[in-house]
Amino acid sequence: MLLYRLLLTLLAPVFAALLLLNRHKKHESWSDLGERLGRVATQEGDGPVLWLHGASNGELTSARALIEALLRRNPSLRIHITANTATGRNMARSWPLPRLTASLAPIDYRACLIPFLTGIRPDALLLLEGDLWPNRFALAAKRGLPVAMISARISAGSFSKWRYLGGLAAQMTRAVTLLSAQDEASERRFRALGLPEETLLPRLTLKSSVLMTPPTPEQLAPFRTVFARSNTLLAASTHEGEEELVLAAFQAARAARPKLQMILAPRHVPRGDEVAALLEASGLRYRRRSAGELPSAKDAIYLADTMGEMALWYALAGQCFVGGSLVDKGGHTPFEPAQFDSAILHGPYLSNFAEPYEALAQAGGALAVADAEALGAALTKLDDATRDRLARAARAGLALEAGDAMIALLERLETALPLG
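Going along each chain's sequence as written, the residues are numbered from 1 onward. Confidence filtering applies because this is a predicted model: local features only for residues at pLDDT of at least 70, side-chain atom pairs given and counted only at 80 or more, and all residues used for totals across whole chains, interfaces and linings. To get the side-chain values, all heavy atoms of the structure are used, and hydrogens and water are removed first.

Here, a salt bridge means any side-chain nitrogen of Lys or Arg that lies within 4 Å of a carboxyl oxygen of Asp or Glu. Enumeration according to the criterion identifies 17 salt bridges in this entry. The residue Arg191 makes a salt bridge to Glu197 at a minimum N-O spacing of 3.2 Å. The classification of residues rests on relative accessible area computed with a 1.4 Å probe and restricted to protein chains. Under 20% of the type maximum is buried, over 50% is exposed, and intermediate values are partly exposed. Overall, Glu197 belongs to the exposed group, its relative accessible area being 51%. With a shortest N-O distance of 2.7 Å, Glu309 and Arg289 are connected by a salt bridge. Of this pair, Glu309 sits in the loop between β10 (301–303) and α15 (310–316) while Arg289 sits in the loop between β9 (286–288) and β10, and the two are 20 residues apart along the sequence. A cluster of three or more residues bridged by salt bridges with shared partners is formed by Asp32, Glu35, Arg89 and Arg93. Segments assigned H or I by DSSP are reported as helices when at least four residues long, segments assigned E as strands when at least two residues long, and all are numbered from the N terminus.

Given below as structure tokens:
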């Protein structure tokens, strides 16, 4: 730990420059920068405070049902949410939930964490998935804060790095009170890093218990006449370097299926201009959601570069390519397209959801493709009967409801953490 702190001290000027550059690049305010430095409003009121951290929108969205249940079951509980991104923080702030506040997460310097902890005065820390920061764990342990990790995940690459820093990893895992891993591989890796076996809870993937709110008929109305479900492809949560591959596959499939249209929803909304430039260069007709444009039947592609509308796009698309899987980003959730009975196609990079995708493979609930050429060929052959079969198999394979596991998790959290 001493070496880690020394390294952070030496790199402080570099981190300061990066913070200022990031502020300019992402158009963050000085207030945002203050939050990253640990300056938050002091928590007022009585009752315990839970500090809940999720990296961004996906993690926090998956935990919303858990958050609502905790607030409902514990009328005096207050929850302070932190996120690494302004979009995640702003989403949490938009939730109409009582006794909930949100800020950007403080960076992992003691000089930033101490004023943050002094301001919010947490009684426990709950971490979603796998955001591991040594000083955060060390200060939680020093203050006697119970630490729970839910839907915890650690990739093979991250595990190799932490194993190399064995002493530092052991200090972190010793600070953990409870851990529910997302999958068997992550559970095994955390144990290899020193996690005591008695801290383990049954495995739970929070995203499996999330049901998105379906769009209303009014929300669907402007799009129903344009997008025929059987001929609409959603490319969901795509990344840099992946849109080019999806575009190539789409154009190949459209040569055989001229009525095929695509809704393209990049993972990171600020990349909208970059993706629009690709579409412009492709020569295909497109409209852009962030510009307030509505699609027409003559458009090949609708660029869905806005936040909070994924349920609308899933509902319109009979087939969905899940992004982050043709480039090495670990893949994104299959649970959301499965909820809307959208046939799932994906690439080979699936480490973020290895077990759900294995369940899909066993059930025959998705089409795996190796590259753009294979994706184009799969889309060309996809007919109504195949789409229906894939959708039914995906629902069965993913076992979308996880209510019993959620109730058990709540009971263990309330027993181990001072939330009452």
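So, on to the sheet that holds strand β5 (residues 147–152). Hydrogen bonds between backbone groups are what pair the strands of a sheet, and the pairing can be parallel or antiparallel. The six strands are arranged β3-β2-β1-β4-β5-β6 in an open sheet whose pairing can be described as parallel. Among the strands making up the open sheet, the edge pair consists of β3 (100–104) and β6 (178–181). Across the sheet, the mean angle separating the axes of adjacent strands is 15° when strand polarity is ignored. Between any two strands, pairing holds if DSSP finds at least two bridges. Bridging between strand β2 (residues 78–83) and β3 involves five bridges; their strand directions are parallel. Bridge pairing in β3 links Ala83 to Leu104. Whether two residues are in contact is decided by their heavy atoms, any of which lying within 4.5 Å being enough. Axis definition: a line fitted to C-alpha atoms, limited for helices to the stretch in contact. Angles are taken between N-to-C directions and run from 0 to 180 degrees. Sitting on the sheet, helix α5 (residues 64–73) touches β1 (49–53), β2, β3 and β4 (124–128), and the angle it makes with β2 is about 160°.

One non-glycine residue, Ser237, lies in the positive phi region at around 60°. Note that Ser237 resides in strand β7 (residues 232–238).

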